[in-house]
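What follows is the residue order along each chain.
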Amino acid sequence: MTNPLLHLEDLPAFSRITPAHVEPAIDHLLAENRRRIGELLESVQEPTWENFIEPLDAWDDELERAWSPVSHMNSVVNSEELRAAYNACLPKLSDYATEMGQNEALYAMYKRLAESDQPFDDGQRKVLENALRDFHLSGVDLPADKKARYKEISQQLSQLTSTFSENLLDATNAWSKHFDAVTALAGLPQSALDLAAQTAQQRGEQGWMLTLDFPSFHPVMTYAEDRALRREMYEAYNTRASDQGPHDRKYDNSELMDRILALRHEQAQLLGFTNYAERSLAKKMARSSDEVMHFLTDLAKRSRPQAERELAELRAFAADLGHDDLQPWDVAYYAEKLRQQRYNISQEEVKPYFPETRVVPGMFEVMSRLFGVSFHEVEGVDAWHPDVKFYEVRDRDGHEMAQFYFDLYARPNKRGGAWMDTCQSRRVTHESCQLPVAYMTCNFTPPVGDKPALLTHDEVETLFHEFGHGLHHMLTRVDYPAIAGINGVAWDAVELPSQFMENFCWEREALNHFSGHYETGEPIPDEMFERMLAAKNFQSAMMMVRQLEFSLFDFRIHREYEPSRGARIYEILNEVREQVAVIMPPAWNRFAHGFSHIFAGGYAAGYYSYKWAEVLSADAFSLFEENGVFDATTGQSFLDNILSKGGSRDAAELFRAFRGRDPEIDALLRHTGIAA
Ligand SMILES: [Zn+2]
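Being a predicted model, the structure only gives us computed values, none of them experimental.

A. Inspection of the overall build of the protein at higher detail. Per the secondary structure count, the protein includes 26 helices and nine strands. Since a compact globule built from 676 residues should have a radius of gyration of about 26 Å, the 26 Å found for the protein is in line with a globular shape. Overall size of the protein, expressed as C-alpha extent along the three principal axes, is 80 × 65 × 55 Å. Of all 676 residues assigned to the protein, the portion counted as buried reaches 54%. Sequence separation of 24 or more characterises 73% of the internal contacts of the protein that already satisfy a separation of 6 or more.

B. Fine view of the sheet that holds strand 3 (residues 374-377). An order of 3-4-5-9-6 is seen for the five strands of this open sheet, with the pairing classed as mixed. Strands at the two margins of the open sheet, each flanked by one partner only, are strand 3 and strand 6 (419-424). Sheet twist, expressed as the average angle between the axes of neighbouring strands with direction ignored, equals 30°. Across six bridges, the pairing between strand 4 (residues 389-394) and strand 5 (residues 400-409) is antiparallel. Residue pairing across strands places Arg394 opposite Glu400, the latter belonging to strand 5.

C. Region of the structure containing the packing of aromatic side chains. Using the criterion set out here, one finds 60 aromatic pairs in the structure. Taken together, a centroid distance of 6.0 Å and an interplanar angle of 65° make the contact between Phe406 and Phe467 edge-to-face. Highlighted residues: Phe406 in strand 5 and Phe467 in helix 16 (residues 457-474), separated in sequence by 61 residues. Judged on exposure class, the residue Phe406 and its partner Phe467 are both buried. Taken together, the ring pairs in this structure connect Trp491, Phe550, Phe553, Phe591, Phe595, Tyr603, Tyr607 and Tyr610 into an aromatic cluster. In this structure, Arg240 is placed above the aromatic ring of Tyr237, and the distance from its NZ or CZ to the ring centre is 3.9 Å. In this structure, Arg415 is placed above the aromatic ring of Trp419, and the distance from its NZ or CZ to the ring centre is 4.0 Å.

D. Summary view of the pairing of strand 9 (residues 437-444). For strand 9, a buried count of seven out of eight residues is recorded, marking the element as mostly surrounded by other parts of the structure. Where strand 5 and strand 9 come together, six bridges link them in parallel fashion. Following the sheet pairing, Phe406 is matched in strand 9 by Met440. Both strand 6 and strand 9 contribute to a ladder of five bridges, which runs antiparallel. In the sheet register, Thr422 faces strand 9, and the bridge partner there is Ala438.

E. Structural context of the pattern of salt bridges. This model, assessed by the stated rule, comprises 50 salt bridges. The salt bridge involving Glu235 is made with Arg231; its shortest N-O contact spans 2.8 Å. Here Glu235 pairs with Arg231, and both are found in helix 9 (residues 227-238), just four residues apart, close to one helical turn. Judged by relative accessible area, Glu235 falls into the partly exposed class, the value being 23%. Given the relative accessible area of 29%, Arg231 is considered partly exposed. The shortest N-O distance in the salt bridge between Glu614 and Lys611 comes to 2.9 Å. Taken together, the residues Glu614 and Lys611, both in helix 23 (residues 609-627) and three residues apart, mark about one turn of the helix. Residue classification places Glu614 among the partly exposed residues on the basis of a relative accessible area of 21%. Accessibility expressed as a relative area gives 8% for Lys611, which makes it buried.

F. Just empty space enclosed by the protein, in detail. The tally for this structure, following the rule as stated, stands at two cavities of 30 Å³ or more. Size it by volume and the largest cavity reaches roughly 90 Å³. Lining the largest cavity we find 14 residues, and of these His7, Leu8, Asp10, Pro12 and Arg65 sit closest to its centre. Every element with two or more residues in the lining of the largest cavity is listed here: helix 2 (49-76) and strand 6. For the lining of the largest cavity, the leading source of residues is helix 2, giving three residues. Quantified by volume, the second largest cavity comes out at close to 50 Å³. Elements that contribute at least two residues to the lining of the second largest cavity include exactly helix 2 and strand 7 (427-428).

G. Expanded view of the nonpolar core. Among the nonpolar cores identified, the biggest contains 144 residues, and Phe371, Phe404, Phe406 and Phe504 are the most heavily contacted of them. Per-element tally for this core: the top contributor is helix 12 (residues 289-320), with eleven residues. Aside from chain neighbours lying at most four places away, what touches Phe504 is Val366, Leu370, Phe464, Ala510, Leu511, Phe514, Phe621, Phe624 and Val629. Formed by 55 residues, the second largest nonpolar core is a distinct cluster that contains Ile37, Trp59, Ala85 and Cys89.

H. Structural view of the coordination of the zinc ion. Looking at the zinc ion, the protein donor atoms are His465 (NE2), His469 (NE2), Glu495 (OE) and Glu495 (OE), and they sit 2.1 to 2.7 Å from it. For the zinc ion, the four donor atoms in the first shell make angles of 51 to 141° at the metal, a pattern classed as irregular. Along the chain, the residues donating to the zinc ion fall in the pattern H-x3-H-x25-E. In this pair, His465 and His469 both sit in helix 16, four residues apart, roughly one turn of the helix. In this pair, the class of His465 matches that of His469, namely buried.

I. Inspection of the side chain of Thr222 at higher detail. The residue Thr222 is located in helix 8 (residues 214-223) in this model. Within polar-contact distance, the side chain of Thr222 engages the backbone oxygen of His218 at 2.8 Å. Not counting residues up to four positions away in its chain, the partners in contact with Thr222 are Ala332, Tyr333 and Glu336.

J. Broad picture of unusual backbone geometry. Located in the positive-phi region is Ala241, a residue other than glycine, with phi close to 55°. Structurally, Ala241 is set in the loop between helix 9 and helix 10 (254-270). Owing to a relative accessible area of 0%, Ala241 belongs among the buried residues under this scheme. Of note, the phi angle at Asn344 is positive, near 45°, even though the residue is not glycine. Its location among the elements puts Asn344 in the loop between helix 13 (328-343) and helix 14 (347-350). In this structure Asn344 comes out as exposed when scored by relative accessible area, which is 52%.

The rules behind these values
Residues numbered from 1 in each chain as written. Predicted model: local features only at pLDDT ≥ 70, side-chain atom pairs only at ≥ 80, totals over all residues. Heavy atoms only, no water. Helix = DSSP H or I, 4+ residues; strand = E, 2+ residues; numbered from the N terminus. Rg over C-alpha atoms; globule rule 2.2 N^0.38 Å. Buried < 20%, exposed > 50% of the residue type's maximum accessible area, 1.4 Å probe, protein only. Contact = heavy atoms within 4.5 Å. Pairing = 2+ DSSP bridges. Axes fitted to C-alpha atoms, helices over the stretch in contact; angles between N-to-C directions. Phe/Tyr/Trp six-rings, centres within 6.5 Å; stacked < 30°, edge-to-face > 60°. Lys NZ or Arg CZ within 6 Å of the ring centre and 35° of its normal. Salt bridge = Lys/Arg side-chain N within 4 Å of Asp/Glu carboxyl O. 1 Å grid on protein atoms, 1.4 Å probe; cavity = no way out; pocket = protein on both sides within 12 Å on 5 of 7 lines; lining within 4 Å. Points joined across faces, edges and corners; volume = space filled by probe spheres on them. Core = buried A, V, L, I, M, F, W, Y, C linked by side-chain atoms within 4.5 Å. Donors = N, O, S within 2.8 Å, 3.2 Å for Na, K, Ca; no water. Tetrahedral: all angles 85-135°; square planar, octahedral: opposite > 155°, others 65-115°. Polar contact = N/O pair within 3.5 Å; in protein donor to acceptor, adjacent residues only side chain to side chain.

Put into structure tokens, the structure is as follows:
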């Protein structure tokens, strides 16, 4: 084979992969898999783990390992040709996945295996249990007429949700505002002005141009002195793809939203659930929709009084400056002024204390002290860019456990943000052992001259967050790929390790390991650290109730859907706001029409997961606060009970094994400075 994507013995040969390799490799593997699975179903009489699951896993693994470098390169060294090849494969992969989920012969074989009296271990039982659940959720075991309806709904939903996104994108793109004089943009920081000038230039105009893209919109709401401009952009942004505001009505999502909710409800009922919220919980840690509702309303009850105080304080502050009718488009603006006045802390001031040359080795040291693992750089590994570094992770006894690529700097054609992704998963069979490999990607400003890259504290936190996901993937001891590392972990628990790691960025003892002035090596002055801590929780209750408003709204529209009453989207949103919000948007606000997380993304009846996982991570960290931030026993227990266990047991059981009890919300409230 000359196609490097089909050379699956070693790590990907990144330097040899070209866009021309992509489609042929995926076509080949999909055809191979269809053929091999067909043969397997013919030939196997009595399925066992070895003769049935292991080959299926091996073929899945080949597909994952061929596709992962493609999808990774599409994100980090994007080009038009690569994007075209990548997009050409997406429908093929999704058709294949749907086909497998609805393959009755495959399902029957899994069922026979699960119902046999073979002596499975706990992990194997979990894999089979998950597989049967997923088959059921894809409608494979429905009677013929219902199955046909199920498929029809799936196709319609995929069409409707994609149109929802397109409308939102088109409405966002259709709006812009041009300025000849920079004075109209008074207050905006230089970076926002540069962006506005660049946008104008790209569209062949002089001067400055604002758009509804978040990097353009957000600084206006936070800094623009012109109140009428803030009001105008607030309205344009919050009425996108709706029946309100300055937009073309052809982008109106109203009808799509009603239909999406109706079809989700019908599909959930076909599968035997009362409503879509129950369907969503089938793969989550939360046990019932009552539990989720109680969780959210309880958190709201505890946070709202403080959110009201924070808002009152902001109103008073704005009134002192001569504005006594604080409107939604004024909130971010005065909040920023108040924050500056009170804490006078900027990311720029903190940066010299976080040179990358200190942060990265320091972070490794923190992880070593906690979990007994060590990190070793390996030179000469083939990668997609000269900046990329490669490391090996070894356990306490020096045995290799995992490997990862580290790609830290921003550059053209690299997607923004930070993330961890899987290159390969841990897979141990009766004859082979494959270790996990991760991609760790950030977008830090690269070093200039001989000055090291200097990180903001936010960036350090991001690095710890992604490294938490990375450790979850890499330190797993689970041998079955479907439940190893982050695979098979409940959606509302998957952010536990990542958010957990962030906490170390706020602990002085830990901070001393990974900070120090890049010229003098001096630690961050106590006085500066105190200001950082104080600013951390500024208006945290207002932020909390806003997240709770989104979560409750999302959960209730899915849970309370009734065909006879229709979707009642804004009716329910208003009820939720009455209950939890402190800032009441104007009646023409159409926030839900742009809420693509739930109408077009994977967060439907699952937006609450953000807060849910935050409770878990804060509560887990509180045990370190009790026993000592670097307590070795607690670290080992976190490794043994959570990090290494992946999806091999239910998230709630794993949490209990570590914490000795069910999760409690007190630590989250304390960490966010909410006195309840
Ligand atoms: Zn994350």
